[in-house]
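Residue-level structure breakdown
Residue strings, one per chain:
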Number of protein chains: 2
Amino acid sequence: MSRERSFWGWGWADKFPDDAGRKGLGDMAAAFLGGAPFEVRPAPSLAGVRIPAPKIAIPDALSAVASAELRERATHTYGKGFRDLARGFAGDFSAAPDFVARPRDEDEVDRVMEWCAKEQVACIPFGGGSSVVGGVEAAIGRGYRGAVSLDLGMLDRVLEVDHVSRAARIQGGVLGPALERQLGASGLTLRHFPQSFEFSSLGGWIATRAGGHFATLYTHIDDLVESVRMRTPRGVWESRRLPASGAGPSPDRLVLGSEGILGVITEAWMRVQPKPKWRAGASVLFAEYGKAVDAVRELSQSGLHPANCRLLDAREAMLNGVSQDNQNVLVLGFESADHPLDAWITRALAITASHGGACPAGPKLTSTGKRDQSDEAGSWKQAFLEAPYLFNTLVSLGFVVDTFETACTWDRFPALHAAVVKGMKDAMKRICGKGLITCRFTHVYPDGPAPYFTFLAPSTHASQLAQWSELKAAASELLVSNGATITHHHAVGRLHRPGYDKERPPLFAEALRAAKKTLDPSSILNPGVLIDP
Amino acid sequence: MSRERSFWGWGWADKFPDDAGRKGLGDMAAAFLGGAPFEVRPAPSLAGVRIPAPKIAIPDALSAVASAELRERATHTYGKGFRDLARGFAGDFSAAPDFVARPRDEDEVDRVMEWCAKEQVACIPFGGGSSVVGGVEAAIGRGYRGAVSLDLGMLDRVLEVDHVSRAARIQGGVLGPALERQLGASGLTLRHFPQSFEFSSLGGWIATRAGGHFATLYTHIDDLVESVRMRTPRGVWESRRLPASGAGPSPDRLVLGSEGILGVITEAWMRVQPKPKWRAGASVLFAEYGKAVDAVRELSQSGLHPANCRLLDAREAMLNGVSQDNQNVLVLGFESADHPLDAWITRALAITASHGGACPAGPKLTSTGKRDQSDEAGSWKQAFLEAPYLFNTLVSLGFVVDTFETACTWDRFPALHAAVVKGMKDAMKRICGKGLITCRFTHVYPDGPAPYFTFLAPSTHASQLAQWSELKAAASELLVSNGATITHHHAVGRLHRPGYDKERPPLFAEALRAAKKTLDPSSILNPGVLIDP
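Conventions and cut-offs
Residues numbered from 1 in each chain as written. Chains lettered and ligands numbered in written order. Predicted model: local features only at pLDDT ≥ 70, side-chain atom pairs only at ≥ 80, totals over all residues. Heavy atoms only, no water. Helix = DSSP H or I, 4+ residues; strand = E, 2+ residues; numbered from the N terminus. Rg over C-alpha atoms; globule rule 2.2 N^0.38 Å. Buried < 20%, exposed > 50% of the residue type's maximum accessible area, 1.4 Å probe, protein only. Pairing = 2+ DSSP bridges. Axes fitted to C-alpha atoms, helices over the stretch in contact; angles between N-to-C directions. Polar contact = N/O pair within 3.5 Å; in protein donor to acceptor, adjacent residues only side chain to side chain. Least-squares fit on C-alpha atoms with pLDDT ≥ 70 in both. Contact = heavy atoms within 4.5 Å. Buried area = accessible area lost by both parts, 1.4 Å probe. Salt bridge = Lys/Arg side-chain N within 4 Å of Asp/Glu carboxyl O. Nonpolar A, V, L, I, M, F, W, Y, C, P; charged D, E, K, R; others polar. Phe/Tyr/Trp six-rings, centres within 6.5 Å; stacked < 30°, edge-to-face > 60°. Core = buried A, V, L, I, M, F, W, Y, C linked by side-chain atoms within 4.5 Å. pLDDT = per-residue confidence, 0-100. Expected span 1.5 Å × (residues − 1). Left-handed = near helix turned anticlockwise from the far one by under 90°. Arc of directions from axis to C-beta. Parallel < 35°, antiparallel > 145°, perpendicular 65-115°, else oblique.

Further remarks concern the overall build of chain A. A tally of regular secondary structure across chain A gives 15 helices and 18 strands. In terms of C-alpha radius of gyration, chain A reaches 23 Å, essentially the compact-globule figure of 24 Å for 533 residues. Across its three principal axes, chain A shows a C-alpha extent of roughly 70 × 60 × 50 Å. Taking all 533 residues of chain A together, the buried fraction comes to 63%.

Laid out in structure tokens, this is it:
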């Protein structure tokens, strides 16, 4: 029997801790907050959820690929953001799609879209369902007779590998682990590891411009895309396999970030690579955050291109168990399949030392391809992968907890950081009585960092959704008013629309709307995402 | 008195050789071809050109910024491709715009576009006028009362420098040397050096996705753009300064490559950097071309990111004077403002040696910021910058001569290279009796190279244009039918339309047309470029 996915929260159902486990995690969170009430409530049962009856029936033409079973509809109702988990844990599945279609090939994708267009039914592309911005939720507004969740999970194969050019043709619905398993058989890897890796899809990464493994250079999935094949209600859109081109605006760059409003990504040629053989890593400690930021800025402008360059502020380091003594920790790493990295790490540590960074353990160099798991980098990686499960639990206990991320130029970062930390502390104090906010850099660029904030505040099951909404709005407003972006790699969806609408040029929204009208004349695809229909 | 630009050809008028100088170059070209006739004809005089009278008069509203003087109209008639020089040298300026406008600020840009929209007059944005694809020529088709060349040359300043983020706000009309001079005063550089550097503009680079200095990583201007400000007939389009964002499809990526059909780029925040201090370079010789290609492929996949990685085939090396003995030459270079490059060049030369590459002179390392001008890299750079002047002369002597460039994946390169060399040799033999074709790589990517071909064939003043047209069509067809792109960095303009129309997804063209209709409802901007109006 196959392992069961949680119908309301992140990941495998069996990873949701029992009462005692949840109590333990609640105690820990409360301790971080200096005391906070929480309540261990039983997990919801599928049989007990509140879900509306389907408004539309599955037509005969789609009966082979569609299902209106309770579990299917429930698992396709939401993504995996705070609001999703809170509603799911409370058994509220009021936004459920009327049915779920799982096409087995591109023709069946077309059949679903054709039917939706004919019947004026919204069609919501669904990859792994890991959206944290309402990107897969049928909050479609008026004007539709219903909504279908279009799950691409059957399109899950690596179709072709080009060893010479280091590229692979891969179907859009494949999830991270299956993708890496199939590429691994050819000795290759995509090396795109978002936090959602286990339960997110290639097509979803492309549609949302996901952020991956590399802290520099190949930060977004964008940089790994060689060409894209997309089905639209008007037919196929396929770009040519090219390492680069200067022929007009890039067609792929209009697909990247299109979040399912222009078409359904069925295949892509992706740039792949052999697994790294050499690694060099170090954890560098800074007493002063400002000096750590300066060190990372110099690193980002050095041309050394570290694969990892994640600066955790003191509180983030403590929460992740990589530092106990109020130090800011820079997790630094280089990797290569081609050459030893001594010169790279040596110069990087000279830069960090010149800003007062201490590296008591020294650099770790390996040539086996394995990461040293005993150090802070290893601890951090473990915490990174487990975080979404911890998120399930904290939401289930009635806390308000969330992350938000952004990017800004270096000149603006000190003011942004100060404004966000103060603004969110003040807001949590006002709304929840108190709260905690931490920051790390996930990616860095020569002209600025991508800071990632986590906040935690005490609340109750009755008020957590309303309080979270206020705090999320405050966070978004702080980003946009301080010249940062509403999202570096979490996408826009429906949740980030207010911030996105202020950020993007108004004329770009008009151009995008015109492009959508051309490709999706009935406006069935993911209505409400990015632009109004 | 200021130095005078050639009204018909590339660059400074005084650089056009006298009769004896032209004869010497003609003899050299003929020798390369194994004998060929040519004719030294006198340079055209401005007074003697054939140019139609303006069809429309300058309106009072634009009298302060517009001119219909002969020199202005003639220098804004064409770009700098073969067809442009051949027509210009022959005194044929039949495609001249009716007048030239040189707005001094954004408001005046708007005034020109408003008037054009009201009067149904085509508006052709003009930066440095270095297009080789008919991108600035008023070949506008029917439906327009006339054409105005909109020269952005007065918008020529660096407005703001952010030293912390290493970025600068720069006006779109500034030419390369003035841009570098102004940045240099702040100790910074853009380091974008296309062959057209002296006479091309920042806005033109962005509009055409120009290819610059770096052979890897920051190959196109795209990668150096932080944000763009564009005036459209519908108003301003301005993106936020950000190091990166994942908020929807990138607005900047729709401007990059838009070739003046969506708006006029008036400003951009660009990523800049300090001048390199360390350099490491080498010239590596290969007897076999296939092994040289394999070496470059491994280098491009190594993660070493050389700044220069230009493989010249034996004929190209000979033409450029960097090799006399039928060797293929790889010009390899690393540069850094941060660190010595010993480890980088050492590993790179180990890779080239493993493919049979010889480096008799060994690597050259400097820490002064200066390039060693005595070696092959120095000779090659000099030839690179002088090439457009040589082009003037060869066209004036009645030869057929041109370059075309592309990119393809590594797996396709051997077949593409063989097909292009054979196809062009056959075509030149058939059309001109004989001919020469060479290849170099200008840029390389992990998944493929950007090959750049040069061809030369004997012809006469009477037949060179017709013969060139046949050869250019053959070249374009060879690229597109062999899975390569119609252009890596020369843009599409009007000349590359047939190839481009086959390459880009048809639905992308429809989306782009819809976007243009939104931004430029009267369709006045650069009609015929990229898409039909």
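Here the focus is the sheet that holds strand β8 (residues 225-232) of chain A. Residue and element names in this part refer to chain A. Sheet architecture is open: five strands sit in the order β5-β6-β10-β8-β9, paired in antiparallel fashion. If you trace the sheet from one side to the other, it starts and ends with β5 (158-162) and β9 (235-238), each paired once. Across the sheet, the axes of successive neighbouring strands diverge by a mean angle of 10°, strand direction being ignored. As paired elements, β8 and strand β10 (residues 264-271) share six bridges and run antiparallel to each other. Paired with S227 across the bridge in β10 is W269.

What follows concerns the pairing of strand β18 (residues 448-457) of chain A. All names here are of chain A. Summarising burial for β18: 10 of the 10 residues are buried, a large majority. Of the pairings in the sheet, the one linking strand β16 (residues 400-405) to β18 comprises six bridges and is antiparallel in character. Across the sheet, the residue bridging to V400 is A457, located in β18. Direction of pairing for strand β17 (residues 436-445) relative to β18: antiparallel, over a ladder of nine bridges. When the sheet's bridge partners are listed, V444 is paired in β18 with P449. Count of turn residues in the β17/β18 antiparallel hairpin: two residues.

Okay, the side chain of R497(B) next. Tracing the chain through its elements places R497(B) in helix α14 (residues 497-503). A polar atom in the side chain of R497(B) sits 3.3 Å from the backbone oxygen of L530(B).

Residue and element names in this part refer to chain B. If you trace the five strands from one edge of the open sheet to the other, you get β5-β6-β10-β8-β9, paired in antiparallel fashion. With one partner strand each, in any of the chains shown, β5 (158-162) and β9 (235-238) form the two edges of the open sheet. The sheet shows a mean angle of 10° between the axes of neighbouring strands, direction not considered. In terms of strand pairing, strand β6 (residues 167-171) meets strand β10 (residues 264-271) through five bridges, oriented antiparallel.

With that settled, the discussion passes to the relation of the copies chain A and chain B. Once chain A has been moved 0.0 Å along the axis and rotated by 180°, it coincides with chain B to within an RMSD of 0.0 Å. In the structure described here, the two chain copies are related by an operation that fits a two-fold rotation axis. Within chain A, the C-alpha atom positioned nearest to the axis of rotation is that of A514(A), 2.7 Å from it. Counting the interface residues of chain A, we find that 100% of their copies in chain B are interface residues as well, pointing to one common contact surface.

With 85 residues of chain A in contact, the opposing surface of chain B contributes 85 residues. Between chain A and chain B, the buried area comes to about 6,600 Å², and carbon and sulfur atoms account for 60% of it. Among the residues of chain A in contact with chain B, R240(A), P249(A) and L507(A) are the three that bury the most area, contributing 11% of the side total. One can count eight salt bridges joining chain A with chain B. In this structure, the connection of chain A to chain B is made through 30 residue pairs in polar contact (both at pLDDT 80 or more). The element best represented in the side of chain A that touches chain B is helix α15 (residues 506-519) of chain A, accounting for nine residues. Residue composition of the side of chain A that touches chain B, grouped by class: 39 nonpolar, 25 polar and 21 charged.

Residues and elements named next belong to chain A. If you walk through the whole model with that rule in mind, you get 39 aromatic pairs over all chains. Both rings, one in F99 and one in W115, keep their centres 5.7 Å apart while their planes meet at 50°; by these two values the pair is tilted. Here F99 is found in strand β2 (residues 99-101), whereas its partner W115 is found in helix α4 (residues 106-119), with 16 residues between them in sequence. Accessibility assignment for this pair places F99 and W115 in one class, buried.

Our focus in this paragraph is the nonpolar core. Counting residues in hydrophobic clusters, the biggest one holds 153 residues, and the most contacted among them are M424(A) and M424(B). The contact partners of M424(B), leaving out residues within four places of it in the chain, are F404(B), A419(B), I437(B), F455(B), L471(B), A474(B), A475(B) and L478(B). Grouped together as the second largest cluster of nonpolar side chains are 90 residues, V174(A), I206(A), L507(B) and A511(B) included.

Glancing now at the side chain of E108(A). Residue placement: E108(A) occurs in helix α4. By relative accessible area, which is 17% here, E108(A) ends up buried.

For chain A, per-residue confidence averages 96 on the pLDDT scale, and residues scoring 70 or more make up 97% of the total. For this predicted complex, the interface confidence comes out at an ipTM of 0.97, alongside a pTM of 0.97.

Moving on to the pattern of salt bridges. Residue and element names in this part refer to chain A. Within this structure, the stated rule accounts for 82 salt bridges over all chains. Across the salt bridge formed by E335 and R279, the nearest N and O atoms sit 3.9 Å from each other. Of this pair, E335 sits in strand β14 (residues 328-336) while R279 sits in strand β12 (residues 278-286), and the two are 56 residues apart along the sequence. Using a relative accessible area of 17% as the deciding quantity, one classes E335 as buried. Note that K516 and D520 form a salt bridge whose closest N and O atoms lie 2.7 Å from each other. We note that K516, like D520, is buried. Beyond isolated ion pairs, a larger network of salt bridges with shared partners links E106, D110, R229, R231 and E238.

The next thing to look at is helix α15 (residues 506-519) of chain B. Residue and element names in this part refer to chain B. Its 14 residues give α15 an end-to-end C-alpha distance of 20 Å, which sits within 8% of 20 Å, the value for a rise of 1.5 Å per residue. Among the 14 residues that make up α15, 10 are buried, leaving the element largely enclosed by the rest of the structure. Among the residues of α15, L507, F508, A509, A511, L512, A514, A515, K516, T518 and L519 are the ones counted as buried.

A word on the packing of helix α8 (residues 289-300) of chain B against helix α10 (residues 342-354) of chain B. All names here are of chain B. At their nearest, the axes of α8 and α10 sit 8 Å apart, and the two run at 145° to each other. Crossing handedness for the pair α8 and α10: right-handed. Note on element contacts: α10 touches α8 through R347, A348, I351, T352 and S354, opposite A295, E298 and L299. Taken together, the residues of the contact of α8 with α10 break down into four nonpolar, two polar and two charged.

A few words on helix α1 (residues 19-32) of chain B. Residues and elements named next belong to chain B. Spanning 14 residues, α1 covers 20 Å between terminal C-alpha atoms, matching the ideal 20 Å at 1.5 Å per step. When we look at burial in α1, the residues that qualify are R22, G26, A29 and A30. With its buried residues spanning 100° around the axis, α1 presents them on a single face. Turned more than 90 degrees away from the buried face of α1 sit A20 and A31, all of them exposed. G34 sits one or two positions beyond α1 and adopts a positive phi of about 70°.

Once that is clear, we can look at the packing of helix α3 (residues 82-89) of chain A against helix α13 (residues 464-481) of chain A. Residues and elements named next belong to chain A. Close contact between α3 and α13 brings their axes to 10 Å; oriented N to C, the two are set at 175°. For the element pair α3 / α13, the angle class is roughly antiparallel. Here F82, R83, A86 and R87 of α3 lie close against α13, whose contacting residues are Q464, L465 and W468.

What follows is about unusual backbone geometry. The phi angle at N326(A) is positive, at roughly 65°, despite the residue not being glycine. Within the secondary structure, N326(A) sits in the loop between α9 (314-319) and β14. Accessibility expressed as a relative area gives 61% for N326(A), which makes it exposed. Residues other than glycine seldom take positive phi values, yet L217(B) does so here, at roughly 65°. Inspection of the secondary structure puts L217(B) in the loop between α6 (202-208) and β8 (225-232). Residue classification places L217(B) among the partly exposed positions, given a relative accessible area of 23%.

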